[in-house]
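# Commentary on secondary and tertiary structure
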Amino acid sequence: ATEGSRRCAVVPAGTVQLLLAALGSGFGRNLWLAPTYAVSAATFGLFFVKGAVVGTWVAHIPWVSDRFDFSKSTLGLVILAMAIGVIVALPIMGQAIVRLGSVRSTKIAGTICALVLPLPLLAPEPWLLPLALIVLGASSGAMDVSMNAHGVAVERILHRPIMSSLHAGCSF
């Protein structure tokens, strides 16, 4: 579809509603015709947030290790808790995407992922750190599955591959 001289894609409102509101583009709540750059930018933003959350945790690992005086082997076991959370969340989120759709699943997982980021950093005792990392890992894994499913849906809407550029968002 075209709107004036711009290429546009027909998409449901939930896909780009939040980003368009933030950008002040003037599109209404019942958006059905969105510029392709807005669809791509909104989805890219999801990947950026996921990369920022994981990057923030990784940057604080030395501080957490010093704070609790972990040996390297203990730190490795504690960090393994995050992977356990991811493994648990992946099949659960797959079913959630089927029931809720990629837009709603991504909103929920992204919000939870951003909200639980402080948990490992605020853990008052060493035994609470693995529990916090399981929660962070589960929310991170849930966001990963949902945003990738959403990226595939956006690729289908745009009729062109954008997944590699979306994954670049995690690297910023």
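Computed from a predicted structure; not experimentally measured.

## What to know about the nonpolar core
Ranked by size, the top nonpolar core spans 32 residues in total, and within it Trp57, Val64, Phe70, Met93, Leu129, Leu133 and Leu136 carry the most contacts. Of all elements in the fold, only helix 2 (36-68), helix 3 (72-100), helix 4 (102-116), helix 6 (128-158) and helix 7 (163-168) reach the threshold of two or more residues within this core. Examining the composition of this core, we find that eight residues originate from one element, helix 6, more than from any other. In this structure, Leu129 is in contact with Trp57, Val64, Phe68, Phe70, Val78, Pro120 and Ala123, ignoring residues within four places of it in sequence.

## Brief notes about helix 3
For helix 3, spanning 29 residues, the distance from its first C-alpha to its last is 41 Å, which sits close to the expected 42 Å at 1.5 Å a residue. Leu90 marks where helix 3 bends most, by close to 30°; the proline Pro91 follows one to four residues later. Listing the buried residues of helix 3 in full gives Leu75, Val78, Ala81, Met82, Gly85, Ala89, Met93, Ala96 and Ile97. A positive phi of about 90° marks Gly101, the residue just after helix 3.

Procedures and definitions
- Per-chain numbering applies: the sequence of each chain, read as written, is numbered from 1 onward.
- Only residues with pLDDT of at least 70 get local features here, since the model is predicted, and only at 80 or more are side-chain atom pairs given and counted; chain-wide, interface and lining totals rely on the full set of residues.
- Where side-chain values are given, they derive from all heavy atoms of the structure, hydrogens and water being excluded.
- Remark: nonpolar core denotes a set of buried residues (Ala, Val, Leu, Ile, Met, Phe, Trp, Tyr, Cys) joined through side-chain atoms within 4.5 Å.
- A simple rule labels every residue: compare its accessible area, found with a 1.4 Å probe on the protein chains alone, to the largest value its type can have, and call it buried under 20%, exposed over 50%, or partly exposed in between.
- Comment: elements are numbered from the N terminus, with helices defined as DSSP H or I runs of at least four residues and strands as E runs of at least two.
- The contact criterion used throughout is that any non-hydrogen atoms of two residues lie within 4.5 Å.
- A helix is expected to reach a length of 1.5 Å times the quantity of its residues less one.
- Two axes are fitted around each residue, one to the seven residues ending there and one to the seven starting there, and the angle between them is reported as the bend at that residue.

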